[in-house]
Amino acid sequence: MLSLRIAVASCRFLSSRSSSAASVSVAKSNPSTTTAVESTRKLRNNEIGVSEDGGQKFIGFTFYPRFPGQQDPPYKPSEALMIERTRGLKGRPYWEKDVMTKIGLPMTVKHSNPVVVANTPSMCAMLWKVKHLIRVTPITFPQGLPEDGDTAGARLQQNGQLVFIPKLKSDALQAATQSNFTDRPEHMDRETLKKQLRLEWIQPWK
């Protein structure tokens, strides 16, 4: 079971960003006439304006709606991401290895060991550089987050769902209340056990 304390802690710092309303003038041209249409609408997140040909300008690209007034359905991005490595790092450039080490997936980590990171712009910029080496799965919370922040009994499934299993929580509490195995009088370390078994092998009649 993967420890998910960082997943729950990273999901409380993101907040929705409000966008300001602006008045833009869109010039529409056709083969016969050209008219200027004044429209007032709310700018989307990361939108910086409108181009002369009716496209919506974002940082790094321009989006052209299929029809005028098209609006994407509301979508709330995940606050945490599960990252898995899909390809090896042997023979890859050093800058890709550095990014994978910062994420938490160096060469010494197995492919089956995922990591949980926060869905922030800086982290997404690093993930974009190594997108051909990883698999990104948004983490969802179908049962919600615990109000007290107790992550005992939490399990991160392969599809990115973080679920809480009561039986796992009771097992964790039982293990915490039990005494340490090394403190028991019947406990033997490796060398003592190896010596005792060797004597029994040499003299099995005793």
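This one's a predicted model, so the numbers in the text were calculated from it and none came from an experiment.

Draft legend 1. The packing of aromatic side chains, seen in detail. With the rule as written, the count across this model stands at two aromatic pairs. Ring geometry for phenylalanine 58 versus phenylalanine 61: centroids 5.1 Å apart, planes at 10°, classification stacked. You can call phenylalanine 61 partly exposed: its relative accessible area is 47%. Ring geometry for tyrosine 94 against tryptophan 95: centres 5.1 Å apart, planes inclined by 80°, an arrangement best described as edge-to-face. Summarising the burial analysis for this pair, tyrosine 94 and tryptophan 95 share the class exposed. Here lysine 131 stacks its cationic end above the ring of tryptophan 128, 4.3 Å away from the centre of that ring.

Draft legend 2. Examining the sheet that holds strand β4 (residues 56-58) more closely. What the three strands build is an open sheet, ordered β3-β4-β5; its pairing is antiparallel. At either end of the open sheet lies a strand with only one pairing partner, and these are β3 (47-50) and β5 (61-63). Between one strand and the next, the sheet's axes are offset by a mean angle of 30°, whatever the strand orientation. With three bridges joining them, β4 and β5 adopt antiparallel strand pairing.

Draft legend 3. Region of the structure containing the nonpolar core. Core analysis: the biggest nonpolar cluster contains 15 residues, and Ile83, Ile103, Val117, Leu127, Val130 and Ile134 have the highest contact counts within it. Looking at this core, the elements that each hand over two or more residues are β6 (80-85), α2 (94-103), β7 (115-118) and α3 (121-129). Per-element accounting of this core gives the leading share, three residues, to α2. Residues contacting valine 130, with those up to four places away along its chain left out, are Glu96, Val99, Met100 and Ile103. Grouped together as the second largest cluster of nonpolar side chains are eight residues, Ala80, Val116, Leu162 and Phe164 included.

Reading the values: the criteria
- Residues numbered from 1 in each chain as written.
- Predicted model: local features only at pLDDT ≥ 70, side-chain atom pairs only at ≥ 80, totals over all residues.
- Heavy atoms only, no water.
- Phe/Tyr/Trp six-rings, centres within 6.5 Å; stacked < 30°, edge-to-face > 60°.
- Buried < 20%, exposed > 50% of the residue type's maximum accessible area, 1.4 Å probe, protein only.
- Lys NZ or Arg CZ within 6 Å of the ring centre and 35° of its normal.
- Pairing = 2+ DSSP bridges.
- Helix = DSSP H or I, 4+ residues; strand = E, 2+ residues; numbered from the N terminus.
- Axes fitted to C-alpha atoms, helices over the stretch in contact; angles between N-to-C directions.
- Core = buried A, V, L, I, M, F, W, Y, C linked by side-chain atoms within 4.5 Å.
- Contact = heavy atoms within 4.5 Å.

Honestly, it's all geometry; don't read function into it.
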